[in-house]
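# Geometric and topological summary
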Amino acid sequence: MSKVTQIAHPLILHKLAFIRDKNTGSKDFRELVEEVAMLMAYEVTRDLQTEEINIDTPICTTKCKVLAGKKMAIVPILRAGLGMVDGMLKLIPAAKVGHIGLYRDEETLQPVEYFCKLPQDISERDVIVVDPMLATGGSAADAITLLKKKGAKYIRLVCLIGAPEGVKLVQDTHPDVDIYLGSIDEKLNENGYIVPGLGDAGDRLFGTK
Ligand code: PRP
Ligand code: URA
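Keep in mind the model is a prediction, meaning the values are calculated, not measured. (Residues numbered from 1 in each chain as written. Chains lettered and ligands numbered in written order. Predicted model: local features only at pLDDT ≥ 70, side-chain atom pairs only at ≥ 80, totals over all residues. Heavy atoms only, no water.)

### Topic: the UniProt feature "domain: Phosphoribosyltransferase" (unreviewed entry) in the chain
- Under the present numbering, the feature "domain: Phosphoribosyltransferase" (unreviewed entry) in UniProt falls on residues 8-208.
- Along residues 8-208 one finds 34% helix and 32% strand; the C-alpha atoms at either end are 30 Å apart. (UniProt positions renumbered as here; feature names shortened; annotations may be inferred. Helix = DSSP H or I, 4+ residues; strand = E, 2+ residues; numbered from the N terminus.)

Written out as structure tokens, the structure reads:
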């Protein structure tokens, strides 16, 4: 069974409060989402492997630890996942970025795929899927299925806010994928929106609607 980590860091909680606020406009919303993504990147990469190398300081030679092992890829689920990419790249600048385009059909709530472009060596990379919202979980589960079809083997999912229903669906469908969230909220409403949530992440990021 996959691990579910709620990153309840005070800075993340503080910023999430203003992200949720309906009076926060797109400019501030975008900046806050980027900042939270950067803070989450710190926690999500906690288990990356390191190796020792020799470094010459101005005083002497010493052994230092640097990142070792697999290269990384960040894969946002379009559109709203785009808001988390720059924050993640601030801490993981060497990562390549793939894109998966999915939208939820407003009536059936089922994800519809419209785009997929991934780094060609995706099977060798540690993949971090980013999307601010994990609601029914359909979009994230489908994106991960697609990534696996394209050869990805090491995948984690990072979301700002999740509903218990979405967490369960991803865990049931992809028990090998660890999930990181800023908050696990109460439930979904009858329209499939997370309660209390933040509304429609894509619309709030890009000022549509
Ligand atoms: C939102 C969000 C997730 C999805 C979550 O995207 O960014 O991708 O809904 O819902 P689910 O867990 O029930 O699948 P949306 O479909 O609104 O597309 P957008 O980002 O283009 O606005
Ligand atoms: N997608 C969103 O953007 N918000 C929700 O609450 C649910 C799905």
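From this point, the narrative continues.
### What to know about the site of ligand 2
- For ligand 2, the full set of nearby residues is Arg 104, Met 133, Ala 135, Gly 192, Tyr 193, Ile 194, Gly 199, Asp 200 and Ala 201.
- Within the backbone of Ile 194, a nitrogen or oxygen atom sits 2.8 Å from an oxygen atom of ligand 2.
- Contact distances for ligand 2 include 2.8 Å between a nitrogen atom and a backbone N or O atom of Gly 199.
- Here ligand 2 loses 88% of its free accessible area of 240 Å² to cover by the protein chains.
- Looking at the shell around ligand 2 residue by residue, the classes come out as five nonpolar, two polar and two charged. (Near = heavy atom within 4 Å. Polar contact = N/O pair within 3.5 Å; in protein donor to acceptor, adjacent residues only side chain to side chain. Areas by Shrake-Rupley, 256 points an atom, 1.4 Å probe, with all protein chains shown as cover. Nonpolar A, V, L, I, M, F, W, Y, C, P; charged D, E, K, R; others polar.)

### Looking at the site of ligand 1
- Around ligand 1, the structure places 15 residues, and the nearest of them are Arg 104, Asp 131, Thr 136, Gly 137 and Ser 139.
- One of the backbone nitrogen or oxygen atoms of Ala 80 is found 3.1 Å away from an oxygen atom of ligand 1.
- Taking Ser 139, its side chain carries an N or O atom lying 2.6 Å from an oxygen atom of ligand 1.
- The protein chains hide 91% of the 500 Å² of surface that ligand 1 would expose on its own.
- Breaking the shell around ligand 1 down by element, the ones donating at least two residues are β6 (99-104), β9 (133-134) and α4 (138-149).
- Per-class residue counts for the shell around ligand 1 are six nonpolar, five polar and four charged.

### Let's talk about the nonpolar core
- If you look at the biggest cluster of nonpolar residues, it comprises 35 residues, and the most contacted ones within it are Ile 19, Met 88, Ile 128, Val 130, Val 158 and Leu 160.
- Counting residues per element, this core draws most heavily on helix α2 (residues 26-44), at eight residues.
- The residues touching Ile 19, leaving out its near neighbours within four places in the chain, are Phe 29, Leu 32, Val 33, Val 36, Leu 160, Leu 198 and Arg 204. (Core = buried A, V, L, I, M, F, W, Y, C linked by side-chain atoms within 4.5 Å. Buried < 20%, exposed > 50% of the residue type's maximum accessible area, 1.4 Å probe, protein only. Contact = heavy atoms within 4.5 Å.)

### With respect to the UniProt feature "binding site: 5-phospho-alpha-D-ribose 1-diphosphate" (unreviewed entry) in the chain
- Taking the UniProt record as the reference, the feature "binding site: 5-phospho-alpha-D-ribose 1-diphosphate" (unreviewed entry) is found at Arg 79, Arg 104, Asp 131, Pro 132, Met 133, Leu 134, Ala 135, Thr 136, Gly 137, Gly 138, Ser 139 and Asp 200.
- With respect to the helices, strands and loops of the structure, Arg 79 is situated in the loop between β4 (71-78) and α3 (82-91).
- On the basis of relative accessible area, Arg 79 is assigned to the partly exposed category, the value being 34%.
- When you line up the elements, Gly 138 lands in helix α4.
- Note on Gly 138: relative accessible area 10%, which makes it buried.

### Structural notes on the side chain of Ser 2
- Relative to the helices and strands, Ser 2 is located in the segment before β1 (4-6).
- In this structure Ser 2 comes out as buried when scored by relative accessible area, which is 6%.
- Those residues in contact with Ser 2 that lie beyond four places of it in its chain are Gln 171, His 174, Pro 175, Val 177, Asp 178 and Ile 179.

### Details of the environment of Pro 76
- You can see Pro 76 is positioned in strand β4.
- Here the alpha-carbon distance between Pro 76 and His 99, two residues 23 residues apart in the chain, equals 5.6 Å.
- If near-sequence neighbours (up to four positions away) are discounted, Pro 76 is found in contact with Gly 81, Leu 82, Val 85, Val 97, Gly 98, His 99, Ile 100 and Val 130.

### Remarks on the packing of aromatic side chains
- Summed over all chains, the structure comprises one aromatic pair.
- With 6.0 Å between their ring centres and 35° between their planes, Tyr 103 and Tyr 114 make a pair best called tilted. On the criterion of sequence distance, the pair formed by Tyr 103 in strand β6 and Tyr 114 in strand β7 (residues 111-117) is long-range, its members being 11 residues apart.
- Sitting above the plane of the Tyr 193 ring, Arg 104 keeps its charged end 5.8 Å from the centroid. (Phe/Tyr/Trp six-rings, centres within 6.5 Å; stacked < 30°, edge-to-face > 60°. Lys NZ or Arg CZ within 6 Å of the ring centre and 35° of its normal.)

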